[in-house]
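A closer look at the structure
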Amino acid sequence: MRVAVVVGADGGGLLQALAEDGPPQGPPEPVPDLAGAVADRERGQRPRWVWAATAERYPELLAAGVRVERCHDLV
């Protein structure tokens, strides 16, 4: 499973489940605490995270104590 991440304001954002070949699976999921939502999903499903650039996203997640096993940069 792949999950696209869109960062929003105030620590929130959107998570979008994606099929292995790319199309969205269902509507995007708004989350008020992006780091918490990523941590929960990582523990339960261990998806491949899809975001613009790891260098931009990952430091914030690490600062919140969140580590991910697999990700894919779009840049």
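Our subject is the structure listed above.
Summary of the structure given here. Counting starts from 1 at the beginning of each chain's written sequence and moves along it residue by residue. Local features are withheld for residues below a pLDDT of 70 in this predicted model, meaning they are given only at 70 or higher, and side-chain atom pairs are given and counted only at 80 or more; totals for whole chains, interfaces and linings count all residues. With hydrogens and water excluded, all non-hydrogen atoms of the structure serve as input to the side-chain values.

**Digging into the sheet that holds strand β1 (residues 2-7)**
Overall, mixed pairing links the 5 strands, which are arranged β3-β2-β1-β4-β5 in an open sheet. With one partner strand each, in any of the chains shown, β3 (29-31) and β5 (70-73) form the two edges of the open sheet. Neighbour-to-neighbour, the strand axes of the sheet open up by a mean angle of 30°, direction not taken into account. When strand β4 (residues 48-51) meets β5, the two strands line up parallel, connected through 4 bridges. When the bridges of β5 are listed, valine 50 appears paired with histidine 72. Set on the sheet, helix α1 (residues 34-45) makes contact with β1, β2 (13-18), β3 and β4; between it and β2 the angle comes to about 25°. Pairing between strands requires that DSSP locate at least two bridges from one strand to the other. Labels follow the DSSP assignment, with helices taken as runs of H or I lasting at least four residues and strands as runs of E lasting at least two, numbered in each case from the N terminus. Here the axes come from fitting lines to C-alpha atoms, over the contacting stretch only for helices, and the angles between their N-to-C directions go from 0 to 180 degrees. Whether two residues are in contact is decided by their heavy atoms, any of which lying within 4.5 Å being enough.

**A short note on the environment of alanine 53**
Residue placement: alanine 53 occurs in the loop between β4 and α2 (54-63). Judged by relative accessible area, alanine 53 falls into the buried class, the value being 13%. Alanine 53 sits 26 residues away from proline 27 along the chain, and the two C-alpha atoms are 23 Å apart. If we ignore the near neighbours within four places in the chain, the residues touching alanine 53 are Asp73 and Val75. Relative accessible area decides the class of each residue, using a 1.4 Å probe on protein chains only: under 20% of the type maximum gives buried, over 50% gives exposed, and in between gives partly exposed.

**Considerations on α2**
Note that an α-helix has 3.6 residues per turn; residues three or four places apart therefore point the same way. The complete set of buried residues in α2 reads Thr54, Arg57, Tyr58 and Leu61. Looking down the long axis of α2, one finds its buried residues gathered within 90° of arc, a one-sided arrangement. α2 presents Ala55 and Ala63 as exposed residues on the side facing more than 90 degrees away from its buried surface. If you follow the buried residues of α2, they end up packed against β1, α1, β4 and β5. Count one or two residues on from α2 and you reach glycine 65, which has phi positive near 85°. To obtain the arc, one takes the directions from the helix axis to the C-beta atoms.

**Description of the pattern of salt bridges**
Each reported salt bridge corresponds to a side-chain nitrogen of Lys or Arg within 4 Å of a carboxyl oxygen of Asp or Glu. Per the counting criterion, the structure on display carries 6 salt bridges. As a salt-bridge pair, glutamate 69 and arginine 46 come within 2.8 Å of each other at their nearest N and O atoms. A residue pair is termed long-range when its members are at least 10 positions apart, and glutamate 69 in the loop between α2 and β5 and arginine 46 in the loop between α1 and β4 qualify at 23 residues. Here the two residues glutamate 69 and arginine 46 agree in accessibility, since each one is exposed. Between arginine 57 and glutamate 56 there is a salt bridge; the shortest N-O distance is 3.9 Å. The structure contains a network of salt bridges with shared partners spanning Glu56, Arg57 and Glu60.

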